[in-house]
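# Coordinates in review
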Amino acid sequence: MRSFLFRLIGILEIVGGFLGVVASVRRLLPLGSTYETLMALIGLVLFGFILIAGVLLMEGSERGVAFSRVAQLLQLPLLATPVLSYALHSGAFINVFATLQASPRLGIDWHLGTHGFVLAVAGPAVSRIGINLLALLSWLVLRLR
């Protein structure tokens, strides 16, 4: 069972990391503003790291397990406030979040076969905080011995 779950996590990391690297390279190529270039470079590094973690995990390497744990922790938080926004997902996500406004509400959002990266000094008017449940579960599975 452990082997199957590790392989599933590795596949999601490889697919999402590859898609993220390709999207980051496409975002880099038109050489736009300094901000766009910086965000594309950060995305390229993050998705490259996730891709390498997935490949090492599929090989059965202990370094792959350690890298994958870090990769899952990077995907855990979901933060969207008027001051700062951060979100990262690679391969799939199940986000559980709370919208903070006059009447707070809970929500859930999920997708399979996707990638995404947001890092911004500004964000939406209505704040949202949450966690990626799939990243949390993957991190817990990776701690199995």
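Residues numbered from 1 in each chain as written. Predicted model: local features only at pLDDT ≥ 70, side-chain atom pairs only at ≥ 80, totals over all residues. Heavy atoms only, no water.

### A short note on a nonpolar patch on the surface
Together, Ile11, Val15, Phe18, Leu19 and Val22 make up a nonpolar patch on the protein surface, roughly 400 Å² of accessible area in all. Within the element layout of this structure, Val15 appears in helix α1 (residues 2-28). By relative accessible area, which is 38% here, Val15 ends up partly exposed. (Patch = residues over 30% accessible without salt bridge, like charges linked within 9 Å, V, L, I, M, F, W, Y side chains within 5 Å. Areas by Shrake-Rupley, 256 points an atom, 1.4 Å probe, with all protein chains shown as cover. Salt bridge = Lys/Arg side-chain N within 4 Å of Asp/Glu carboxyl O. Helix = DSSP H or I, 4+ residues; strand = E, 2+ residues; numbered from the N terminus. Buried < 20%, exposed > 50% of the residue type's maximum accessible area, 1.4 Å probe, protein only.)

### Considerations on empty space enclosed by the protein
For the structure on display, the rule yields 1 cavity of 30 Å³ or more. Its boundaries defined by the atoms lining it, the largest cavity holds a volume of some 80 Å³. Forming the boundary of the largest cavity are Ile9, Leu12, Glu13, Gln72, Gln75, Ser90, Ala92, Asn132, Leu134, Ala135 and Ser138. For the lining of the largest cavity, the elements supplying multiple residues, two or more each, are α1, α3 (62-75), β2 (85-100) and α4 (133-142). Tallied by class, residues from the lining of the largest cavity come to 5 nonpolar, 5 polar and 1 charged. (1 Å grid on protein atoms, 1.4 Å probe; cavity = no way out; pocket = protein on both sides within 12 Å on 5 of 7 lines; lining within 4 Å. Points joined across faces, edges and corners; volume = space filled by probe spheres on them. Nonpolar A, V, L, I, M, F, W, Y, C, P; charged D, E, K, R; others polar.)

### Quick look at the pairing of strand β3 (residues 105-120)
In the sheet, β2 pairs with β3 via 15 bridges, with the strands oriented antiparallel. Considered in β3, the bridge of Ala98 is made with Leu106. Linking two consecutive strands that pair antiparallel, namely β2 and β3, is a turn of 4 residues. (Pairing = 2+ DSSP bridges.)

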